[in-house]
Amino acid sequence: MSLIVMKFGGSSVADADKIKNVANRVIERARKNKVVVVVSAPGDMTDDLIELSRKVTDSPDDREMDMLISTGEQVSIALLTMAIKSCGVNAISLTGPQAGIYADTSHTKARITKIIPTKINNELSKGKVVIVAGFQGINPHEDITTLGRGGSDLTAVALAAALKSNECEIYTDVDGVYTTDPRVVKEAKKIPVVSYDEMLEMAGSGAQVMQGRSIEVAKKFGVKIHVRSSFKKTEGTSIMEEGSEVEEVVVRAVTFDKNQVKLSILDIPDRPGIASKIFGELAKESINVDMIIQSAARQKYNDISFTVARPDIKKTHNILNALKKTLGASGVIVDDTVAKVSIVGVGMKSHPGVASTMFNALAKKGINIEMISTSEIKISCVIKAADIEKAVATLHRAFELEKK
Ligand code: ADP
Ligand code: ASP
Ligand code: MG
């Protein structure tokens, strides 16, 4: 009997009826396979818990934050297990620590360091369906850590790798990965097969349907992912290594990220070591920097602007204010009215002119580009957040993704 890992996202377990629906899908699978299920917190529970913490304090302690937000997943595993058992199928719920998921010490965005699935294997050998809480692990201090937003995807893929199951099914509220968020562009088309590299860039640039780190792990361990609907039985999207099954297209998808903030530090000395100092301080606080631009030097001074994720805004602002004094900068600016739009596709490597088509399409709609960054298979632009939906629809049309 082969083993399959099935992961159900928050929207799939948002209420009692949905939990019963998930229970039925799991039971159906368990007739033919050994099944490990990973679940997220119900509905918006993680967001609600974060909001609640902010009502208690402006700067919640990171360890306690993990203690709080890891509870959502525990609600789901218990309820789903009850639902499965009430249908006469044997099942057991396990928290991340009980499942042997070990993580590092960086609270709220920990990395999985190892998985020791002894208990999972024991329970499977007793014929039980094993339901594991996503998004959480235990660190060397025996504290609970969480794996970054959307981290249940990572739990599922990492478990599939550790249990040597080469397939991981991600069940969600869409029936696959689309050419852009189908909630924003209704002409978006389902993509049957996408490469790990493209999905990694899509996730990193805002397509929240899969968490980025889960794709890194899938690529590293060769775990094939099938993204599909919790509610429909249709085939979804396969995520796998680039090769014969992945059709090469110039632009596969348009993505966007409204969760970005731009910060600038002005009139800093133009000499070696300054950028290293600024980004070194940010790295010490585990703040991920996305885009960076440095202006051309004016009389031995220049400005550096960069973007970070919105939840890091306060920490980043404090660090820049402290650096302003030590570096003699003239000011720090925070702009939270920006967003990022990107195009992703493996075919970009060999097709010139993609950037100019993108910039042209944006210009025709009067959309100003504030920052640009590129990788081999992605081009991103920071623009005003107010323009983001217009930009996504424009680029989707410019690259004829509705015809795919
Ligand atoms: P879950 O709760 O199952 O983890 P998420 O909310 O994290 O689900 O991800 C599913 C959502 O991702 C969809 O409802 C959709 O609006 C959004 N999304 C963004 N970009 C895409 C895309 N390119 N393809 C499919 N869904 C996308
Ligand atoms: N519940 C967590 C979150 O909302 C993890 C997940 O849903 O994957 O980010
Ligand atoms: Mg998700």
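Not measured: the values here are computed from a predicted model.

A. Representation of the site of ligand 2 within the structure. Ser40, Ala41, Thr46, Glu73, Phe135, Arg149, Gly150, Gly151 and Ser152 make up every residue found near ligand 2. Arg149 is positioned such that a nitrogen or oxygen atom in its side chain is 2.7 Å from an oxygen atom of ligand 2. Contact between ligand 2 and Gly150: an oxygen atom at 2.8 Å from a main-chain N or O atom of the residue. Burial of ligand 2 by the protein amounts to 87% of the accessible area it has alone, namely 260 Å².

B. Looking closely at unusual backbone geometry. For Asp267, which is not a glycine, the phi torsion comes out positive at approximately 55°. Along the polypeptide, Asp267 turns up in strand β14 (residues 260–269). Positive phi, normally seen in glycine, also occurs at Glu400, with a value near 55°. Assignment of secondary structure puts Glu400 in the segment after α12 (388–398). The partly exposed category is assigned to Glu400, whose relative accessible area is 40%.

C. Fine view of the environment of Asn33. Structurally, the position occupied by Asn33 is in the loop between α1 (16–30) and β2 (34–39). Along the backbone, Asn33 and Met1 are 32 residues apart, and their C-alpha atoms lie at a distance of 5.4 Å. Contacts of Asn33, omitting those with residues within four sequence positions, involve Met1, Ser2 and Ile4. Only 3.0 Å separates the side chain of Asn33 from the side chain of Ser2, close enough to count as a polar contact.

D. The sheet that holds strand β16 (residues 301–309), seen in detail. An order of β15-β16-β14-β17 is seen for the 4 strands of this open sheet, with the pairing classed as antiparallel. Only two strands of the sheet have a single neighbouring strand rather than two, namely β15 (289–294) and β17 (331–335). Here the average twist between neighbouring strands, direction ignored, is 15°. Here β15 pairs with β16 via 4 bridges, running antiparallel. Bridge pairing links Val289 to Val308 in β16. Each of β14, β16 and β17 touches helix α10 (residues 313–327); the most contacted strand, β14, lies at about 5° to it.

E. Region of interest: the packing of helix α3 (residues 62–69) against helix α4 (residues 71–86). Two elements in contact, α3 and α4, have axes whose closest approach is 4 Å; the angle formed by their N-to-C orientations is 20°. Of the possible angle classes, the one that applies to α3 and α4 is roughly parallel. Together, Met67, Leu68 and Ile69 of α3 and Thr71, Gly72 and Glu73 of α4 make up the contact between the two elements. A per-class count over the contact of α3 with α4 returns 3 nonpolar, 2 polar and 1 charged.

F. Looking closely at the site of ligand 1. Taken together, 18 residues lie near ligand 1, and Thr172, Asp173, Tyr178, Asp181 and Arg183 sit nearest. One of the side-chain nitrogen or oxygen atoms of Arg183 is found 2.5 Å away from an oxygen atom of ligand 1. Interatomic distance of 3.0 Å between a side-chain N/O atom of Gln208 and an oxygen atom of ligand 1. Within the complex, the protein chains bury 89% of what would otherwise be the 570 Å² of accessible surface of ligand 1. A class-by-class count of the residues in the shell around ligand 1 yields 7 nonpolar, 7 polar and 4 charged.

G. Spatial organisation of the packing of aromatic side chains. Under the defined criterion, the tally for this structure stands at 2 aromatic pairs. Centroid distance Phe8 to Tyr171: 4.6 Å. Interplanar angle 15°. Geometry classified as stacked. Residue Phe8 is located in strand β1 (residues 3–8), and its partner Tyr171 is located in strand β9 (residues 167–172); the two are separated by 163 residues in the primary sequence. Take Phe8 and Tyr171: they sit in the same class, and that class is buried.

H. Main features of the layout of surface pockets. Roughly 350 Å³ of volume is contained in the second largest pocket. Around the second largest pocket, the lining comprises 14 residues; the ones closest to its centre are Ile112, Ala158, Val217, Lys220 and Phe221. Among the elements of the structure, β5 (112–115), α6 (152–162) and α8 (212–221) are those that each provide at least two residues to the lining of the second largest pocket. A total of 5 residues in the lining of the second largest pocket trace back to one element, the largest contributor, which is α8. Grouping the amino acids of the lining of the second largest pocket by side-chain chemistry returns 8 nonpolar, 1 polar and 5 charged.

I. Representation of the nonpolar core. Membership of the largest hydrophobic core comes to 42 residues, with the highest contact counts inside it found for Val36, Ile120, Val132, Leu159, Ile225 and Ile239. With 7 residues, α6 is the single largest residue contributor to this core. Every residue in contact with Val132, bar those within four places of it in the chain, is listed here: Val36, Val37, Val38, Val39, Ile77, Leu94, Ala99, Ile101, Ile120, Thr155 and Leu159.

J. Just the sheet that holds strand β20 (residues 378–384), in detail. If you walk across this open sheet you meet the 4 strands as β13-β18-β20-β19, and the pairing is antiparallel. Strands at the two margins of the open sheet, each flanked by one partner only, are β13 (253–257) and β19 (371–375). Taking each pair of neighbouring strands and ignoring which way they run, the sheet shows an average axis angle of 20°. For strand β18 (residues 338–344) and β20, the ladder comprises 7 bridges, and the chain directions are antiparallel. What sits directly across from Ala339, in β20, is Ile383. Against the sheet, helix α7 (residues 196–204) contacts β13, β18, β19 and β20, and its axis sits at roughly 170° relative to β18.

Conventions and cut-offs
Residues numbered from 1 in each chain as written. Chains lettered and ligands numbered in written order. Predicted model: local features only at pLDDT ≥ 70, side-chain atom pairs only at ≥ 80, totals over all residues. Heavy atoms only, no water. Near = heavy atom within 4 Å. Polar contact = N/O pair within 3.5 Å; in protein donor to acceptor, adjacent residues only side chain to side chain. Areas by Shrake-Rupley, 256 points an atom, 1.4 Å probe, with all protein chains shown as cover. Helix = DSSP H or I, 4+ residues; strand = E, 2+ residues; numbered from the N terminus. Buried < 20%, exposed > 50% of the residue type's maximum accessible area, 1.4 Å probe, protein only. Contact = heavy atoms within 4.5 Å. Pairing = 2+ DSSP bridges. Axes fitted to C-alpha atoms, helices over the stretch in contact; angles between N-to-C directions. Parallel < 35°, antiparallel > 145°, perpendicular 65-115°, else oblique. Nonpolar A, V, L, I, M, F, W, Y, C, P; charged D, E, K, R; others polar. Phe/Tyr/Trp six-rings, centres within 6.5 Å; stacked < 30°, edge-to-face > 60°. 1 Å grid on protein atoms, 1.4 Å probe; cavity = no way out; pocket = protein on both sides within 12 Å on 5 of 7 lines; lining within 4 Å. Points joined across faces, edges and corners; volume = space filled by probe spheres on them. Core = buried A, V, L, I, M, F, W, Y, C linked by side-chain atoms within 4.5 Å.

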